[in-house]
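Per-entry structural report
Spelled out from the first residue to the last, the chains are:
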Amino acid sequence: MTRRVGMLAPMQPELRPIVRRLQLTVGSEEGDGALYRGTTSDGVEVVAMLTKIGMANGADAARRILEHDVDHVMVVGIAGGVDMSVLKIGDVIVPETVVGRAMERSFRPSFVGDIVPRGTLSCGDDLITDPDALALMAAEGIVAVDMETAAVAAVCEDAQVAWSVFRGISDFAGEGLIDDALFALTNPDGTADPARVAEYIEAHPDRLDVMKRLAVDTRCATEGAAEAAIAACAAL
């Protein structure tokens, strides 16, 4: 029986709904951020922490969360959708397979909760926006992309600890809403420097509506992912 779940959220906007919904409190300082603790309504203890963006950060956070004797690790956050014909903004995906693009390794999550697993989640540090590359990925059954899950999976599987992933679709990679310049505004913890954002908007006023849309869609995706992960705890 699962007694303690570790929830890893790459960015602050992904962590906040977990903390708020479970009324988690700061239990200790862990590395660069706080370790949050609480219990679900089903009596499952939860420890949650920020990973920060990227594969190396994901692996490091996974190793640290395992030090807290968790029985199951959940990666909770957002992902970029690959195929708009099968997904919509806010959908929460539970992939059948997770692959690390630079790892030459694939992983199969433990399936918990009511969401039917589908497709492959592709993970890596590179921002993929090329339409041809995305079309090829879709043809191979890849439904979404992120920058941490495969790294977490590798650490958990090497430690023989069960893991799952819940990712809400916040945007579609092929739409071009997030480009290198916009992505560069994001700090490793998912926050942004207001001064740099203001400079960007002044230089690219046509992108303001895009940023507003991304903010709304990201909130929808983060809330959905948190809700799905918390609900899944009841099935553990």
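The present account deals with the structure reproduced in this document. (Residues numbered from 1 in each chain as written. Predicted model: local features only at pLDDT ≥ 70, side-chain atom pairs only at ≥ 80, totals over all residues. Heavy atoms only, no water.)

**A few points about the overall build of the protein**
Of the regular secondary structure elements, the protein holds 7 helices and 11 strands. Compactness check: the protein gives a C-alpha radius of gyration of 17 Å against a globular reference of 18 Å for 236 residues, within 12% of the reference. When the backbone C-alpha atoms are referred to their principal axes, the protein occupies close to 50 × 40 × 30 Å. When each of the 236 residues of the protein is scored for burial, the buried share is 52%. By sequence separation, contacts in the protein at least 24 residues apart represent 72% of the contacts at least 6 residues apart. Of the roughly 10800 Å² of accessible surface on the protein, a fraction of 51% belongs to carbon and sulfur atoms. (Helix = DSSP H or I, 4+ residues; strand = E, 2+ residues; numbered from the N terminus. Rg over C-alpha atoms; globule rule 2.2 N^0.38 Å. Buried < 20%, exposed > 50% of the residue type's maximum accessible area, 1.4 Å probe, protein only. Contact = heavy atoms within 4.5 Å. Areas by Shrake-Rupley, 256 points an atom, 1.4 Å probe, with all protein chains shown as cover.)

**Focus on the state of the cysteines**
All chains considered together, the criterion is met by 0 disulfides. The thiol sulfur of Cys-123 is not disulfide-bonded, and the nearest other cysteine sulfur, from Cys-156, lies at 13 Å. (Disulfide = S-S within 2.5 Å.)

**Thoughts on the layout of surface pockets**
Space inside the largest pocket adds up to approximately 1100 Å³. What lines the largest pocket is a set of 47 residues, among which Met-11, Ile-78, Ile-178, Thr-186 and Thr-218 lie closest to the centre. For the lining of the largest pocket, the secondary structure elements donating two or more residues are helix H1 (12-22), strand S5 (72-81), strand S10 (142-146), strand S11 (162-172), helix H5 (180-183), helix H6 (194-203) and helix H7 (208-232). Ranked by residue count, the leading element in the lining of the largest pocket is H7, at 9 residues. (1 Å grid on protein atoms, 1.4 Å probe; cavity = no way out; pocket = protein on both sides within 12 Å on 5 of 7 lines; lining within 4 Å. Points joined across faces, edges and corners; volume = space filled by probe spheres on them.)

**Comments concerning the pattern of salt bridges**
Scanning the model with the defined rule gives 17 salt bridges in all. One salt bridge in this structure joins Asp-158 and Arg-105, with 2.9 Å as the shortest N-O distance. Here Arg-105 lies in strand S8 (residues 105-107) and Asp-158 lies in helix H4 (residues 149-158), a separation of 53 residues in the sequence. Here Asp-158 falls in the exposed class, since its relative accessible area comes to 56%. For Arg-105, a relative accessible area of 33% translates into the label partly exposed. What you see here is one network of salt bridges that share partners, running through Glu-14, Asp-146, Glu-148 and Arg-167. (Salt bridge = Lys/Arg side-chain N within 4 Å of Asp/Glu carboxyl O.)

**Here's the deal with the packing of H1 against H7**
Contact pair H1 / H7: the axes reach a minimum separation of 9 Å and the direction vectors enclose 50 degrees. On the basis of their axis angle, the class for H1 and H7 is oblique. The two elements H1 and H7 cross, and the hand of that crossing is right-handed. From H1, Pro-13, Glu-14, Pro-17, Ile-18, Arg-20, Arg-21 and Leu-22 reach across to H7, where they touch Thr-222, Glu-223, Ala-226, Glu-227 and Ile-230. (Axes fitted to C-alpha atoms, helices over the stretch in contact; angles between N-to-C directions. Parallel < 35°, antiparallel > 145°, perpendicular 65-115°, else oblique. Left-handed = near helix turned anticlockwise from the far one by under 90°.)

**A word on the packing of helix H2 (residues 55-66) against H4**
Where H2 meets H4, the axes come as close as 7 Å, and the angle between the chain directions of the two elements is 35 degrees. For the pair H2 and H4, the crossing hand works out as right-handed. Residue-level contacts link Met-55, Gly-58, Ala-59, Ala-62, Arg-63 and Leu-66 of H2 to Ala-150, Ala-151, Val-152 and Val-155 of H4. Tallied by class, residues from the contact of H2 with H4 come to 8 nonpolar, 1 polar and 1 charged. (Nonpolar A, V, L, I, M, F, W, Y, C, P; charged D, E, K, R; others polar.)

**Considerations on the nonpolar core**
The biggest cluster of nonpolar side chains holds 34 residues, and the ones touching the most others in it are Leu-8, Ile-65, Val-73, Val-98, Leu-121 and Trp-163. Contributing elements (two or more residues each) for this core: strand S4 (45-50), H2, S5, strand S9 (120-123), S10, H4 and S11. Ranked by residue count, the leading element in this core is H4, at 7 residues. Sequence-distant contacts of Leu-8, defined by excluding residues within four places in its chain, comprise Met-49, Thr-51, Ala-61, Ala-62, Ile-65, Val-73, Met-74, Val-75, Val-76 and Val-152. One finds Val-19, Leu-22, Ala-34 and Ala-228 within the second-largest nonpolar core, a separate group that totals 27 residues. (Core = buried A, V, L, I, M, F, W, Y, C linked by side-chain atoms within 4.5 Å.)

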